[in-house]
Amino acid sequence: MRVLSAIFAHTSGRIGGFIVGLYLLLAVLGLLGLTPHNPLMQYRIDRLHAPDATYWMGTDLFGRDVASRLMMGIGQSFIVAIFSVAFATLAGTVLGLAAAWFGRRWDGIVMRVMDVLLAFPAILLALLIVAVAGPGTSTSIIAIAIVYTPIFTRVVRGPALSLKAREFVDAARTFGSSSSYILTRHLLLNLVAPLTVQVTLALAWALLTEAGLSFLGLGTQPPAASLGLMLSDSRNLMETAPWLMIFPGIAIMISILGFNLLGDALRDILDPKMRRAIA
């Protein structure tokens, strides 16, 4: 509760929290089908209809309501982002803790593999994985999770190495505590703050990567909606129907801004050094 109150007291936290909360609400409504119109229904007579009181954001080339598809697309993008970041967080945390705890050869092997993955730009590595595994939502989740696992591994390994050498860890060993107890009670609990900030920022990156994959036709497949796919469909209609490009583009931009603002606020709130600097 104190973290929530601190977020609302932080300017970036209030703005970012409002944006993220609004997008989560739209995502849930879109996934539940509670949209103004059926996002998959084609009304040929209303194709390329400009925004008005009936179609708040206009219609696309097939007469589908853009606002309804936008809600569905936000839900689809959030599914990919949340699951991929969850898998990356779990894998990165396990690998980072293992590398820090066992050290030596295991640390060298894990971190060299992570270095190889980090050598590739995120979108190119995701494209390579999806091109090999085939397009689709599930492969997008796997690809994005693999791309961002090295970041979480590094975020966990560095502080874990420092915590491993602290006196309270030596004391726990002296009192006969098991390795699993020390890892979970003394190391993992002290990594919650940096992991929380990293998860928030990774969600923004995952949304952008998912939009890029869908834009290239390798993510969510038609007739399902995705923000990147909606942008891709609007490329040849930018002059005749600019709303098809404007609304998905703004939705992507604001969602990434919201997560970044929320991540900055969490960093200021959870980092003791930042708290002292703000105070």
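Rules used throughout
- Residues numbered from 1 in each chain as written.
- Predicted model: local features only at pLDDT ≥ 70, side-chain atom pairs only at ≥ 80, totals over all residues.
- Heavy atoms only, no water.
- Helix = DSSP H or I, 4+ residues; strand = E, 2+ residues; numbered from the N terminus.
- Buried < 20%, exposed > 50% of the residue type's maximum accessible area, 1.4 Å probe, protein only.
- Areas by Shrake-Rupley, 256 points an atom, 1.4 Å probe, with all protein chains shown as cover.
- Lys, Arg positive; Asp, Glu negative; His and termini not counted.
- Charge placed at Lys NZ, Arg CZ, Asp CG, Glu CD.
- pLDDT = per-residue confidence, 0-100.
- Salt bridge = Lys/Arg side-chain N within 4 Å of Asp/Glu carboxyl O.

On a plain count of helices and strands, the protein comes out with 12 helices and 0 strands. Considering only C-alpha atoms, the protein reaches an extent of 75 × 45 × 30 Å along its principal axes. The proportion of buried residues among the 279 residues of the protein is 45%. Surface exposure of the protein reaches about 14,300 Å², of which carbon and sulfur atoms provide 69%. With 20 positive and 14 negative side-chain charges, the protein shows a spacing of 12 Å between the two charge centroids.

Turning to the confidence of the model for the protein, a few remarks are in order. One rule of thumb: low pLDDT means the predicted coordinates there are not for detailed reading. Chain-level pLDDT for the protein is 89 on average; 96% of the residues reach the 70-or-more range. In the model of the protein, helix H12 (residues 272-278) stands out as the element of lowest mean pLDDT, 51, in contrast to helix H3 (residues 66-102), which has the highest, 93.

Attention now goes to the pattern of salt bridges. Inspection of the entire model under this criterion finds 6 salt bridges. The salt bridge partner of Arg-157 is Asp-107, with a shortest N-O separation of 2.8 Å. With a gap of 50 residues between them, Arg-157 in helix H6 (residues 137-164) and Asp-107 in helix H4 (residues 104-118) connect regions that are remote in the sequence. The salt bridge involving Asp-268 is made with Arg-267; its shortest N-O contact spans 3.3 Å. Taking relative accessible area as the criterion, Asp-268 reaches 10% and is therefore assigned buried. With relative accessibility at 38%, the residue Arg-267 sits in the partly exposed group.

Inspection of the secondary structure puts Asp-264 in helix H11 (residues 243-270). The spatial distance from the C-alpha of Asp-264 to the C-alpha of Met-253 is 17 Å, given a sequence separation of 11 residues.

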